[in-house]
Amino acid sequence: MPDPSAPPPPPGTAAELLPGLRWARMPLPFPPRHVNLWFLRDGEGWLAVDAGASTADATALWEQLAATELDGLPVTRLLVTHFHPDHVGLAGWVCERWGAPLLMPRTEYLLARFLRLDTDAGMTAHQVDFARRAGCPEDYLAFLANRGPLFARAVVPVPRAFTRIAGGDTLRIGGRDWRVLTGGGHAPEMACLHCPELGMLISADQILPRITPYVGVGATEPLADPLADFLRSNDRLRAIPPETLVLPSHGEPFTGLHERIGSIAAHHAERLDTLAAGCTAPRTLFEATAILFPRVLEPGPLGFALGETLAHLNRLVVDGRLRREDGEVPRYITA
Ligand SMILES: [Zn+2]
């Protein structure tokens, strides 16, 4: 069993957790500041899990990994866990660099493809309209109007073909069986990989050791209830033995999966109670956001705070604890 307290590998290097299982890390110019990549020895090369975001130095770091950390062997398959830029960003580059196929859950692939193409002015106008209906101030609307499409900035064109992986599949990687489990809430069909033989779970962003994964609602599906999906999928992960070593996409490997699932659930229960208690008078989404995030003022983090707050509001509405008063700017109040 690898030592879970081992320090993270510096950028451009890989740490060997077990023979044939290596851990590399890519820096990110946005929080959480890094993403972990996993390399599983497989046939004539490596199956890589996730690609990192397309940033100024990312391809150079990949070339450094290829030159010094992969025993001179190619990436023969790239598995991307979900559609977020820090995971799928360089998938197109990696697949082309090695001629490797892209393995991805279908919903994640389709979302990544569509968001990469959705770059016209209509997309920005839609974001601004969403923020206006949230009751956001004019300076935030102006910030959004000038920002343009974020996704395409950190993601190179997504490959035009892929191989679907789905929950319940078993992948044979390097002579071992890895079971695919999919989770929702942070992303709609995020892939996690469990190897019972090794007692390891590659958890992607579904379960993280220190930060709680972002669960948010945006302009595409404003009535979505991803928090229900998220908590349900986490509960399904309780079927995995508690002593399993978890390899998350952000932070360090850890044990204590079941405790972590419990503390993430408790965190959201507390956030829901706080929000419900703050909505005894009608609140816009922007006002409700100030209840959960009283210190978030910067426009960048505000977008995440709005998304996370709407996920909690929608959960409370579906649960019958709040109701939504529709109008030009909807308001939320105790049901
Ligand atoms: Zn991530």
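Since the structure is predicted, the reported quantities are computational estimates derived from the model, not experimental observations.

Draft legend 1. Here's a closer look at the overall build of the protein chain. The helix and strand tally for the protein chain stands at 11 helices and 14 strands. For the protein chain, the C-alpha radius of gyration of 20 Å lies close to 20 Å, the compact-globule estimate for 335 residues. Across its three principal axes, the protein chain shows a C-alpha extent of roughly 60 × 45 × 35 Å. A buried classification covers 44% of the 335 residues belonging to the protein chain. Within the protein chain, contacts between residues separated by at least 24 positions form 64% of all contacts whose residues are at least 6 apart in sequence.

Draft legend 2. How the structure looks around the pairing of strand β5 (residues 75-79). Among the five residues of β5, four are classified as buried, and the element is accordingly described as predominantly covered. Bridge analysis of strand β4 (residues 45-49) against β5 gives four bridges, and the strand direction is parallel. Opposite Leu47, over in β5, you have Arg77 as the bridge partner. Handedness of the β4-helix α1 (residues 58-68)-β5 crossover: right-handed.

Draft legend 3. Spatial organisation of the packing of helix α9 (residues 257-278) against helix α11 (residues 299-318). One can describe the packing of α9 onto α11 by two numbers: an axis separation of 10 Å at closest approach and a directional angle of 80°. Relative to α11, α9 is oriented roughly perpendicular. Residue-level inspection shows Arg271, Leu272, Leu275 and Ala276 of α9 in contact with α11, the latter providing His312, Leu313, Arg315 and Leu316. When its residues are assigned to classes, the contact of α9 with α11 shows five nonpolar, one polar and two charged.

Draft legend 4. Structural context of unusual backbone geometry. Here the amide bond leading from Pro31 into Pro32 is cis, since omega sits at 5°, within 30 degrees of zero. With respect to the helices, strands and loops of the structure, Pro32 is situated in the loop between β2 (21-27) and β3 (34-42). Of note, Asp50 is a non-glycine position whose phi angle comes to about 75°, a positive value. Along the chain, Asp50 falls in the loop between β4 and α1. Given 28 C-beta atoms within a 10 Å radius, Asp50 is considered buried. With a phi close to 55°, Asp71 is a non-glycine residue in the positive phi region. Assignment of secondary structure puts Asp71 in the loop between α1 and β5. Look at Asp71 and you get exposed, because 9 C-beta atoms sit within 10 Å.

Draft legend 5. Fine view of the nonpolar core. Within the largest apolar cluster, 69 residues are counted, with the highest numbers of intra-cluster contacts made by Ala48, Leu78, Ala91, Val94 and Ile202. Once residues within four sequence positions are removed from consideration, Ala48 is found in contact with Leu37, Phe39, Val75, Leu78 and Val94. If you look at the next biggest cluster of nonpolar residues, it comprises 24 residues, including Val215, Phe286, Leu313 and Tyr332.

Draft legend 6. Focus on the sheet that holds β3. Spatial strand order, β1-β2-β3-β4-β5-β6-β7: seven strands in an open sheet with mixed pairing. Of all the strands in the sheet, the pair left with one neighbour each is β1 (14-18) and β7 (163-164). In the sheet, β5 pairs with strand β6 (residues 102-104) via two bridges, with the strands oriented parallel. Opposite Leu78, over in β6, you have Leu102 as the bridge partner. Running at roughly 160° to β5, helix α3 (residues 91-98) makes contact with β4, β5 and β6 of the sheet.

Draft legend 7. Seen up close, α3. Among all positions of α3, only Ala91, Gly92, Val94 and Cys95 are buried. Along α3, the residues classed as buried sweep out an arc of 165° about the axis, all on the same side. Buried residues in α3 make contact with β4, α1, β5, α2 (85-88) and β6. Positioned one or two residues after α3, Gly99 has a phi angle of 65°, which is positive.

Draft legend 8. Just the sheet that holds strand β11 (residues 200-204), in detail. As summarised here, the arrangement of the five strands in space is β8-β9-β10-β11-β12, forming an open sheet in which the pairing is mixed. Here the strands that pair on one side only, and so sit at the sheet edges, are β8 (170-173) and β12 (245-248). On average, each strand axis in the sheet is inclined to that of its neighbour by 25°, with strand direction left out of account.

Draft legend 9. Examining the packing of helix α8 (residues 226-236) against α11 more closely. Across the interface, α8 lies against α11 with an axial gap of 7 Å and an inter-helix angle of 90°. Here α11 runs roughly perpendicular to α8, going by the angle between their axes. Contacts from Pro226, Leu227 and Ala228 in α8 reach Ala311, His312, Arg315 and Val318 in α11. Its residues placed into classes, the contact of α8 with α11 shows five nonpolar, one polar and one charged.

Parameters at a glance
- Residues numbered from 1 in each chain as written.
- Predicted model: local features only at pLDDT ≥ 70, side-chain atom pairs only at ≥ 80, totals over all residues.
- Helix = DSSP H or I, 4+ residues; strand = E, 2+ residues; numbered from the N terminus.
- Rg over C-alpha atoms; globule rule 2.2 N^0.38 Å.
- Buried ≥ 20, exposed ≤ 12 C-beta atoms within 10 Å, placed from the backbone.
- Contact = placed C-beta atoms within 7 Å.
- Pairing = 2+ DSSP bridges.
- Right-handed = clockwise from strand over helix to strand, strands pointing away.
- Axes fitted to C-alpha atoms, helices over the stretch in contact; angles between N-to-C directions.
- Parallel < 35°, antiparallel > 145°, perpendicular 65-115°, else oblique.
- Nonpolar A, V, L, I, M, F, W, Y, C, P; charged D, E, K, R; others polar.
- Core = buried A, V, L, I, M, F, W, Y, C linked by C-beta atoms within 7 Å.
- Arc of directions from axis to C-beta.

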